[in-house]
Amino acid sequence: QVQLVESGGGLVQAGGSLRLSCAASGSIASMHVMAWYRQTPGKQRELVAGILSGSSTNYADSVKGRFTIFTDIAKNTVYLQMNSLKPEDTAVYYCNVGPTLLYTYWGQGTQVTVSS
C-alpha cells in the first residue's frame, strides 16, 4: 500500500504560478503511472497531466504549454508546475500513482483557487 500526500495548493491570482507536490510513502521508481487529475463540483474528475512508463507524457489540451509534470525519484515525489493560471483552473487536484493503469493509488487532494 502506497500513501500519497499532496501539498502546494492555495489561492493565487490569475497569471500566477503554483507548484503541487505529491509525496509517496514508498518508492515510486517502479511506478509506471504517475498523473495529476482535477475535479470541480458536479463534474467528473479529469486528467490534467500524466507520465507513462517514465517517458511518455501527456497533457489536457487546456493546460498544454502552461503545466509541466515531473518527478524526483530520489524523493519519491511527483510534481505539477502550473504557470499562467486561469480562473478555470480552479479545482481540487489529485495525485494518482500506480504500477499499472488498472491499479493505482490516489491522494486526498489539494485545493487550487485562481482569482480573476
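Residues numbered from 1 in each chain as written. Predicted model: local features only at pLDDT ≥ 70, side-chain atom pairs only at ≥ 80, totals over all residues. Heavy atoms only, no water.

**Looking at the side chain of Asp89**
Within the secondary structure layout, Asp89 lies in the loop between strand E8 (77-82) and strand E9 (91-100). Note on Asp89: relative accessible area 0%, which makes it buried. Side-chain polar atoms of Asp89 contact the side chain of Arg38, separated by 3.0 Å. Of note is the side chain of Asp89, whose polar atom sits 2.8 Å from the backbone nitrogen of Lys86. Those residues in contact with Asp89, other than ones at most four positions away along the chain, are Arg38, Val63, Arg66, Phe67, Ser84, Val112 and Val114. (Helix = DSSP H or I, 4+ residues; strand = E, 2+ residues; numbered from the N terminus. Buried < 20%, exposed > 50% of the residue type's maximum accessible area, 1.4 Å probe, protein only. Polar contact = N/O pair within 3.5 Å; in protein donor to acceptor, adjacent residues only side chain to side chain. Contact = heavy atoms within 4.5 Å.)

**Here's the deal with the pattern of salt bridges**
Evaluation of the coordinates by the stated rule reveals four salt bridges. Among the ionic pairs, Lys64 bridges to Asp61, the shortest N-O distance being 3.1 Å. Through salt bridges with shared partners, a single network forms among Arg38, Glu46, Arg66 and Asp89. (Salt bridge = Lys/Arg side-chain N within 4 Å of Asp/Glu carboxyl O.)

**Focus: the pairing of strand E11 (residues 110-115)**
Residues Thr110, Val112 and Val114 of E11 are buried on one face, while the alternating residues Gln111, Thr113 and Ser115, pointing to the opposite face, are not. As defined by bridge partners, strand E2 (residues 10-13) adjoins E11 across four bridges and the pair is classed as parallel. Bridge pairing links Gln13 to Ser115 in E11. Relative to E11, E9 runs antiparallel, the two being bridged by three bridges. Its bridge partner lying in E11, Val92 is registered against Gln111. (Pairing = 2+ DSSP bridges.)

Any functional reading would require information that these geometric values do not contain.
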